[in-house]
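This is what each chain is made of:
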Amino acid sequence: MEYYLKLFKELSRFFTLLGSVFGFVASDIISKVNILEEYKHSEVSDQYATIQSMIEYECCNGITADTSRPSGSRTLLRLHRSLEFVMSFMSDFSTADSTAKSSTIAQKCYNETLSKYHPWLIRKGATIAMYTLPARQQFIERVYGGPCDDATIQYYGKIMGDIASVCKKIYDETHKLFEANDLLNLP
């Protein structure tokens, strides 16, 4: 659980770098991380030491069925869905042509992942927000923090691919836990 939360803290910083239009994404991630950290520091913190122990505890105690407050499992599921989008975006971005538009890559990945969980209005807002993403080179320069030569751009593209590969492993293992406990469709 601790590593998953660290991952999302870093991803919130990544979204912050993308500009104010993506500030809402970063703040949403942080609010979900805070919910999970509150559970980790509660009187039942030992039940939230791992994702598996959290899911088992919440399922056995009817917490996942209680919609009056956000359960750890429900909150983590929302982050899990976001991870699928980020992983897809980084993977596609890492192999994209140098002239590719970040907005096009992001929209494709969003339509294949997160959009299925969002109502029409949010989908339209997300699409508009993605139009503000810079071209691939400018995107890398923004993340890097300054101008980049071609070698640096290729290097950072490769790093994004490597991050996507690691995220895929995390995503797959977490997905198996949600699937085994029939939690993939929590409201």
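Residues numbered from 1 in each chain as written. Predicted model: local features only at pLDDT ≥ 70, side-chain atom pairs only at ≥ 80, totals over all residues. Heavy atoms only, no water.

S.K.: Whenever I open this one, the packing of helix α3 (residues 51-60) against helix α8 (residues 150-180) confuses me. Can you help?
M.R.: Packed helices, taken two at a time, are described by the angle between their axes plus the distance between the axes. Contact pair α3 / α8: the axes reach a minimum separation of 11 Å and the direction vectors enclose 15°. Considering their axes alone, α3 and α8 lie roughly parallel with respect to each other. Considering only the axes of α3 and α8, their crossing is right-handed. From α3, Ile51, Gln52 and Ile55 reach across to α8, where they touch Thr174, Leu177 and Phe178. Split by residue class, the contact of α3 with α8 holds four nonpolar, two polar and no charged. (Axes fitted to C-alpha atoms, helices over the stretch in contact; angles between N-to-C directions. Helix = DSSP H or I, 4+ residues; strand = E, 2+ residues; numbered from the N terminus. Parallel < 35°, antiparallel > 145°, perpendicular 65-115°, else oblique. Left-handed = near helix turned anticlockwise from the far one by under 90°. Contact = heavy atoms within 4.5 Å. Nonpolar A, V, L, I, M, F, W, Y, C, P; charged D, E, K, R; others polar.)

S.K.: Hey, could you run me through unusual backbone geometry in this one?
M.R.: For residues other than glycine, phi is negative in most cases, and the peptide bonds are mostly trans. Despite not being glycine, aspartate 182 shows a phi value in the positive range, around 55°. Along the chain, aspartate 182 falls in the segment after α8.

S.K.: Would you mind going over the nonpolar core with me for this structure?
M.R.: Across soluble globular proteins, you tend to see nonpolar side chains buried next to one another. Counting 52 residues, the largest nonpolar core has Phe8, Phe15, Leu83, Phe85, Phe89, Met90 and Phe139 as its most contacted members. Looking at this core, the elements with two or more residues in it are α1 (2-17), α2 (23-40), α3, α4 (72-95), α5 (102-112), α6 (120-130), α7 (136-144) and α8. If we skip the residues at most four places from it in the chain, methionine 90 touches Leu11, Phe14, Met160, Gly161, Ile163 and Ala164. (Core = buried A, V, L, I, M, F, W, Y, C linked by side-chain atoms within 4.5 Å. Buried < 20%, exposed > 50% of the residue type's maximum accessible area, 1.4 Å probe, protein only.)

S.K.: I keep staring at the environment of proline 187 and nothing clicks. Help me out?
M.R.: With respect to the helices and strands, the residue proline 187 is situated in the segment after α8. By relative accessible area, which is 61% here, proline 187 ends up exposed. Along the chain, proline 187 and threonine 67 lie 120 residues apart, while their C-alpha atoms are 7.8 Å from each other. In this view, proline 187 contacts Thr67, Arg74 and Arg78; residues no more than four positions away in its chain are not counted.

S.K.: Where do I start with the pattern of salt bridges in this structure?
M.R.: Opposite charge on two side chains lets them pair, provided their charged atoms get close. With the rule as written, the count across this model stands at nine salt bridges. Among the salt bridges present, the one from lysine 32 reaches aspartate 28, with a minimum N-O distance of 2.9 Å. In this pair, lysine 32 and aspartate 28 both sit in helix α2, four residues apart, roughly one turn of the helix. Given the relative accessible area of 36%, aspartate 28 is considered partly exposed. Linked through salt bridges whose partners overlap, the residues forming this network are Asp92, Lys108 and Glu112. (Salt bridge = Lys/Arg side-chain N within 4 Å of Asp/Glu carboxyl O.)

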